[in-house]
Amino acid sequence: MTFDLFDALPPDPDDPPRSEVLAPGAMVLRGFAREAGAELLAAVSEVSAGSPFRHLITPGGLRMSVAMTNCGERGWVSDRTGYRYDAVDPETERPWPAMPQLFRTLAEDAAAAAGYAGFAPDACLINRYLPGTRLSLHQDRDELDLRAPIVSVSLGLPAVFLWGGLRRADRPTRVRLAHGDVVVWGGPSRLVFHGIAPLAEGDHALTGRERINLTFRKTR
Ligand code: SIN
Ligand code: FE2
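Just so you know, these numbers come straight off a predicted model, no measurement behind them.

Caption draft 1: Just the environment of Ala-38, in detail. Inspection of the secondary structure puts Ala-38 in helix α2 (residues 37–50). Measuring from C-alpha to C-alpha, the distance between Ala-38 and Gly-180 comes to 10.0 Å, with 142 residues separating the pair along the chain.

Next comes the structure, spelled out in structure tokens:
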């Protein structure tokens with residue numbers, strides 16, 4: 001199944017939020033976070049004032065093109081020793097900023113709307129993309145409890161989400177994600193490979209040349 005048909009239609013801000021099943025256990029909730037967008041972005045600015053965006057180094061020694069920060073009890077970090085969740089921001093040497101209540105509520109509501117009632121995220125990774133930035137295909141597998149879903153919120157410039165399969169070689173479907181769209185995946189889709197195609201140039205009313213992604217997880 002592909003969603004190219006939807007890509008051809010410009011989003012109408014007056015449309016009621018819709019949802020689409022991506023795969024068993026995986027949904028796109030169209031526009032779910034659109035109304036809260038400006039407030040969410042203001043909260044991102046506050047978080048990044050405490051723990052700034054940075055380009056992490058992969059275990060292989062490459063600098064990631066996505067800039068990242070975190071809020072919540074634990075944050076996802078990468079360095080030459082590997083990937084991990086850490087309660088302390090290695091850059092500030094302080095705990096990550098607290099997860100704003102608005103973030104928590106949105107993530108819980110989105111998870112419930114996708115069939116995952118009771119989701120209790122303890123970590124929110126915040127990704128910042130500029131035109132040209134990409135995120136190569138990967139699985140989210142650093143979390144201890146794989147029964148909890150992933151909730152991923154798109155803000156600002158649109159992106160093409162690459163939704164693959166359970167094997168790295170599975171050819172991904174391209175799903176356009178616009179400001180306010182939320183993707184939730186868990187259950188049989190929890191370990192699906194996914195990524196972001198190089199971001200196209202653009203200018204968004206709220207973020208200018210940026211896309212911001214919030215990824216909520218229960219890490220243990
Ligand atoms: C991620 O896979 O961690 C982020 C995906 C996205 O930016 O939408
Ligand atoms: Fe991911």
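So that's the structure; there's more coming.
Caption draft 2: Looking closely at the sheet that holds strand β12 (residues 173–177). Pairing is antiparallel across the open sheet formed by four strands, whose spatial order is β9-β14-β11-β12. Each having just a single partner strand, β9 (135–138) and β12 make up the two edges of the open sheet. For this sheet, the mean angle separating the axes of adjacent strands, direction not counted, is 20°. By the bridge criterion, five bridges tie strand β11 (residues 159–163) to β12 in an arrangement that is antiparallel. Within β12, the residue paired with Phe-161 across the bridge is Val-175.

Caption draft 3: Main features of the coordination of the iron ion (ligand 2). Each protein donor to the iron ion (ligand 2) is listed here as His-138 (NE2), Asp-140 (OD) and His-194 (NE2); together their distances run 2.1 to 2.2 Å. Considering all four donor atoms around the iron ion (ligand 2), angles at the metal cover 89 to 175° and the coordination shape is irregular. Mapped onto the sequence, the donors of the iron ion (ligand 2) take the spacing H-x1-D-x53-H. According to the relative accessible area criterion, His-138 is partly exposed, its value standing at 22%.

Caption draft 4: Local environment of the nonpolar core. Membership of the largest hydrophobic core comes to 32 residues, with the highest contact counts inside it found for Phe-103, Ile-126, Val-151, Val-153, Leu-214 and Phe-216. Elements supplying a minimum of two residues to this core: β2 (26–29), α2, β3 (67–72), α3 (101–113), β8 (123–129), β10 (150–156), β13 (182–185) and β15 (211–217). Ignoring sequence-local partners within four residues, the contact set of Ile-126 consists of Val-44, Val-47, Phe-53, Ala-67, Met-68, Thr-69, Asn-70, Cys-71, Phe-103, Ile-212, Asn-213 and Leu-214. By size, the runner-up hydrophobic cluster in this structure holds 26 residues, among which are Val-66, Trp-76, Tyr-85 and Val-175.

Caption draft 5: Broad picture of the packing of aromatic side chains. Throughout the structure, instances matching the rule amount to five aromatic pairs. Here Phe-161 and Trp-185 contribute two aromatic rings whose centre-to-centre distance is 5.8 Å and whose plane-to-plane angle is 40°, an arrangement assigned as tilted. With Phe-161 in strand β11 and Trp-185 in strand β13, this pair connects stretches of sequence that are 24 residues apart. When its relative accessible area of 2% is taken as the criterion, Trp-185 is described as buried. Taken together, Phe-161, Trp-163 and Trp-185 form an aromatic cluster joined through their ring pairs.

Caption draft 6: A look at the site of ligand 1. Surrounding ligand 1, one finds Asn-127, Tyr-129, Leu-135, His-138, Ser-152, His-194, Ile-196, Arg-211, Asn-213, Thr-215 and Arg-217. Take His-194: an N or O atom from its side chain is 3.0 Å from an oxygen atom of ligand 1. Protein coverage of the free-state accessible area of ligand 1, which is 260 Å², stands at 99%. For the shell around ligand 1, the elements supplying multiple residues, two or more each, are β8, β9, β14 (194–196) and β15.

Caption draft 7: Spatial organisation of the environment of Ala-26. Topologically, Ala-26 is positioned in strand β2. Looking at Ala-26, the relative accessible area reads 1%, which means it is buried. Here Ala-26 is in contact with Glu-20, Val-21, Trp-163, Val-184, Trp-185 and Ser-189, once residues within four sequence places are set aside.

Caption draft 8: Structural view of the pairing of β8. In terms of residue burial, β8 counts as a mostly covered element, since six of its seven residues are buried. Examined bridge by bridge, β3 and β8 share six bridges and lie antiparallel to one another. Each residue of the ladder has a partner; that of Ala-67, found in β8, is Arg-128. Across seven bridges, β8 lies against β15 in antiparallel orientation. Its bridge partner lying in β15, Leu-125 is registered against Thr-215.

Caption draft 9: Seen up close, the confidence of the model for the chain. This prediction gives the chain a mean pLDDT of 94; 92% of its residues lie at or above 70. Between residues 1–8, whose pLDDT stays under 50, and residues either more than four places distant or in other chains, the model counts 13 contacts.

Caption draft 10: Representation of α3 within the structure. Counted at 1.5 Å a residue, the expected span for α3 with its 13 residues is 18 Å, and the 18 Å between its end C-alpha atoms agrees. Phe-103, Leu-106, Ala-107, Ala-110 and Ala-111 are the residues of α3 that are buried. The buried residues of α3 occupy one face: seen down the axis, they fall within an arc of 125°. Directly beyond the C-terminal end of α3, a positive phi value near 100° is found at Gly-115.

About the thresholds
- Residues numbered from 1 in each chain as written.
- Chains lettered and ligands numbered in written order.
- Predicted model: local features only at pLDDT ≥ 70, side-chain atom pairs only at ≥ 80, totals over all residues.
- Heavy atoms only, no water.
- Helix = DSSP H or I, 4+ residues; strand = E, 2+ residues; numbered from the N terminus.
- Pairing = 2+ DSSP bridges.
- Axes fitted to C-alpha atoms, helices over the stretch in contact; angles between N-to-C directions.
- Donors = N, O, S within 2.8 Å, 3.2 Å for Na, K, Ca; no water.
- Tetrahedral: all angles 85-135°; square planar, octahedral: opposite > 155°, others 65-115°.
- Buried < 20%, exposed > 50% of the residue type's maximum accessible area, 1.4 Å probe, protein only.
- Core = buried A, V, L, I, M, F, W, Y, C linked by side-chain atoms within 4.5 Å.
- Contact = heavy atoms within 4.5 Å.
- Phe/Tyr/Trp six-rings, centres within 6.5 Å; stacked < 30°, edge-to-face > 60°.
- Near = heavy atom within 4 Å.
- Polar contact = N/O pair within 3.5 Å; in protein donor to acceptor, adjacent residues only side chain to side chain.
- Areas by Shrake-Rupley, 256 points an atom, 1.4 Å probe, with all protein chains shown as cover.
- pLDDT = per-residue confidence, 0-100.
- Expected span 1.5 Å × (residues − 1).
- Arc of directions from axis to C-beta.

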